[in-house]
Protein chains: 4
Amino acid sequence: MTNGPPSHQARLRVRYADTDAMGVVHHANYLAYFEAGRVELLRSVGISYRDLEQRGFLAPVVEVTCRYRAPAYFDDLLLVRTRLAEARPARFAFEYDIVREADETLVAQGRSLHACLDRTTLRPVRIPEDILQRLQAP
Amino acid sequence: MTNGPPSHQARLRVRYADTDAMGVVHHANYLAYFEAGRVELLRSVGISYRDLEQRGFLAPVVEVTCRYRAPAYFDDLLLVRTRLAEARPARFAFEYDIVREADETLVAQGRSLHACLDRTTLRPVRIPEDILQRLQAP
Amino acid sequence: MTNGPPSHQARLRVRYADTDAMGVVHHANYLAYFEAGRVELLRSVGISYRDLEQRGFLAPVVEVTCRYRAPAYFDDLLLVRTRLAEARPARFAFEYDIVREADETLVAQGRSLHACLDRTTLRPVRIPEDILQRLQAP
Amino acid sequence: MTNGPPSHQARLRVRYADTDAMGVVHHANYLAYFEAGRVELLRSVGISYRDLEQRGFLAPVVEVTCRYRAPAYFDDLLLVRTRLAEARPARFAFEYDIVREADETLVAQGRSLHACLDRTTLRPVRIPEDILQRLQAP
């Protein structure tokens, strides 16, 4: 039996504050939804992003892409499906599908690339070995 | 001739991201507009809030009130009129009127109360004397 | 046996996007947390705010107050305790306590006052009778 | 003499509300900065995005990419340099460089692709001819 890379499905409800004058979720908010998704994926493999920061690491977004497939609306329940797309010592990437729960409509897709930095010097460092193993181990 | 307490008028343009599905500025964003207004009032009397933080102080909001008088819309130019309402050694307050420039409609009014904290200990401290003087001197 | 007015407890996780450079939840975001809380309180008594808008009503915030009691941090689980404070034909109000689940620390308290408007004319109207009854009936 | 496609430089100040717990501008906010930049580019060639919506068109973002080059901080003055990258009857694209004014550091780069929709039907339509000409005419 083989497992793929870590993946996770988080569920969130669209807040009124997330919408814009088009009556839909403002496009910038999907980046916060992706962020919520990857925090939960990490938690599901035993990694607390808060702890990671407290150990002295930061994992900022280096590049992000989002494709908007269909609008989402206030009060929609959205599923954020996050999977690890790449995990190398100095960088890692996630991919995302956001789907409306009620009708399985694909709302948005995206990808984020991250570096690992020392929190004090803000210089790139290798991802701590225990973290890398949790990301890579199926 | 007498001067009143410091006051300032800042001008900002409503972004699409600031609106919500009612087609108007989402009510939480006025707190960010107030914040922009008081940063500019402080700058106008020679106080950089960024420098204040770098000197080791924080001035968090302890309480805020906002009354919504009329909607504001995407692309509106708004005037944020900020005045110092109170400046004591351990706390200070600002009051705000937000007015639409085009027709002088009063959009929102508010008040924020602030403490002065030591950035490291997060304990209340007296406002530095040079800052207090700039706030109080007419 | 007597029941009080409707109340509800919602649970939400602080997103990284909600924090600011003080390392805590930015104060404006509590207004979005209050909003999430009252949407869930309404749902708990059978009122969908989305349906209310689709029936032609808006319930904008007319006034809001927030008192900040203690900081909240990224990844905190927060409980938003919302209760109906007032329900009259033309206006209604909610009160909120936000508490950190892990240690029951009171983080913020607030109150919002709402009008009921006709969505087309944006003029005040009476709250629909069926809604008012759901709000008032214990 | 030849002119290139329309371009524009907008200037904005980073608000405290735009920062996150890393002490820098939260990555999602650059999408709102891009949006502010393209609204000003359009205005500079005589196109009001608000008027466009009132004429019955929407120009939602279909895809966006952002590369983060260097952090920006609270109170930084940023220059948003926007240029039209593509203008076809059914879609158009902008490219962005965001630069810190004080030291000309490149902070972020991005690209957004837009469709033109009928505001009522939400179906794709051709960009109105007068708008297309303003975008294409050097």
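Please refer to the structure higher up on the page.
Residues numbered from 1 in each chain as written. Chains lettered and ligands numbered in written order. Predicted model: local features only at pLDDT ≥ 70, side-chain atom pairs only at ≥ 80, totals over all residues. Heavy atoms only, no water.

Bringing the side chain of Glu35 of chain D into the picture now. Mapped onto the secondary structure, Glu35 of chain D falls in helix α1 (residues 29–44). With a relative accessible area of 6%, Glu35 of chain D lands in the buried category. Here His26 of chain A takes part through its side chain, which lies 2.9 Å from a polar atom of the side chain of Glu35 of chain D. Those residues in contact with Glu35 of chain D that lie beyond four places of it in its chain are His26 and His27 of chain A together with Tyr16 and Ala17 of chain B. (Helix = DSSP H or I, 4+ residues; strand = E, 2+ residues; numbered from the N terminus. Buried < 20%, exposed > 50% of the residue type's maximum accessible area, 1.4 Å probe, protein only. Polar contact = N/O pair within 3.5 Å; in protein donor to acceptor, adjacent residues only side chain to side chain. Contact = heavy atoms within 4.5 Å.)

The next subject is the interface of chain D and chain A. Listed as interface residues are 22 residues of chain D and, on the opposing side, 22 residues of chain A. For the chain D and chain A pair, buried surface summed over both sides reaches about 1800 Å², with 62% attributable to carbon and sulfur atoms. When the buried surface of chain D facing chain A is broken down by residue, Met22, His27 and Tyr68 of chain D rank first, second and third, together holding 28% of it. Summed over the shared surface of chain D and chain A, the number is zero salt bridges. Our enumeration of links across chain D and chain A arrives at seven residue pairs in polar contact (both at pLDDT 80 or more). For the side of chain D that touches chain A, the secondary-structure elements that each account for two or more residues are α1, α2 (49–54) and β3 (61–68) of chain D. Looking at which element gives the most residues to the side of chain D that touches chain A, the answer is β3 of chain D, with eight residues. (Buried area = accessible area lost by both parts, 1.4 Å probe. Salt bridge = Lys/Arg side-chain N within 4 Å of Asp/Glu carboxyl O.)

Next up on the list: the interface of chain A and chain B. Contacts between chain A and chain B engage eight residues on the former and eight residues on the latter. In terms of surface lost to chain B, no three residues of chain A exceed Tyr16, Ala21 and His26 of chain A, which account for 58% of the buried area on that side. Joining chain A to chain B, the criterion identifies six residue pairs in polar contact (both at pLDDT 80 or more). When its residues are assigned to classes, the side of chain A that touches chain B shows four nonpolar, three polar and one charged. (Nonpolar A, V, L, I, M, F, W, Y, C, P; charged D, E, K, R; others polar.)

Quick look at the sheet that holds strand β6 (residues 106–115) of chain C now. The 10 strands lie next to each other as β1(B)-β4(B)-β5(B)-β6(B)-β3(B)-β3(C)-β6(C)-β5(C)-β4(C)-β1(C), forming an open sheet whose pairing is antiparallel. This sheet does not close on itself; its edge strands, each paired only once, are β1 (7–13) of chain B together with β1 (7–13) of chain C. Here the strands of the sheet are splayed against their neighbours by 15° on average, with no regard to which way each runs. Bridge analysis of strand β4 (residues 77–88) of chain C against strand β5 (residues 91–100) of chain C gives 10 bridges, and the strand direction is antiparallel. In the sheet register, Arg81 of chain C faces β5 of chain C, and the bridge partner there is Asp97 of chain C. (Pairing = 2+ DSSP bridges. Axes fitted to C-alpha atoms, helices over the stretch in contact; angles between N-to-C directions.)

A few words now on the relation of the copies chain A and chain B. Rotating chain A by 180° and translating it 0.0 Å along the rotation axis places it on chain B, where the RMSD comes to 0.0 Å. The operation mapping one copy onto its partner corresponds to a two-fold rotation axis. It is Asp20 of chain A whose C-alpha, among those of chain A, lies nearest the rotation axis, at 1.9 Å. Counting the interface residues of chain A, we find that 100% of their copies in chain B are interface residues as well, pointing to one common contact surface. (Least-squares fit on C-alpha atoms with pLDDT ≥ 70 in both.)

Okay, unusual backbone geometry next. If you check the backbone angles, Leu122 of chain A has positive phi at about 60° while not being a glycine. Relative to the assigned elements, Leu122 of chain A resides in the loop between β7 (117–118) and α3 (129–136). Even without glycine at this site, Asp75 of chain B takes up a positive phi of about 80°. In this structure, Asp75 of chain B sits in the loop between β3 (61–68) and β4 (77–87).

All names here are of chain C. If you walk through the whole model with that rule in mind, you get 68 salt bridges over all chains. The partner of Arg88 in a salt bridge is Glu86, with the nearest N and O atoms 2.9 Å apart. Judged by relative accessible area, which is 19%, Glu86 ranks as buried. Between Glu95 and Arg111 there is a salt bridge whose closest N-O contact spans 2.8 Å.

Note that all results are geometric; they support no functional claim without further evidence.
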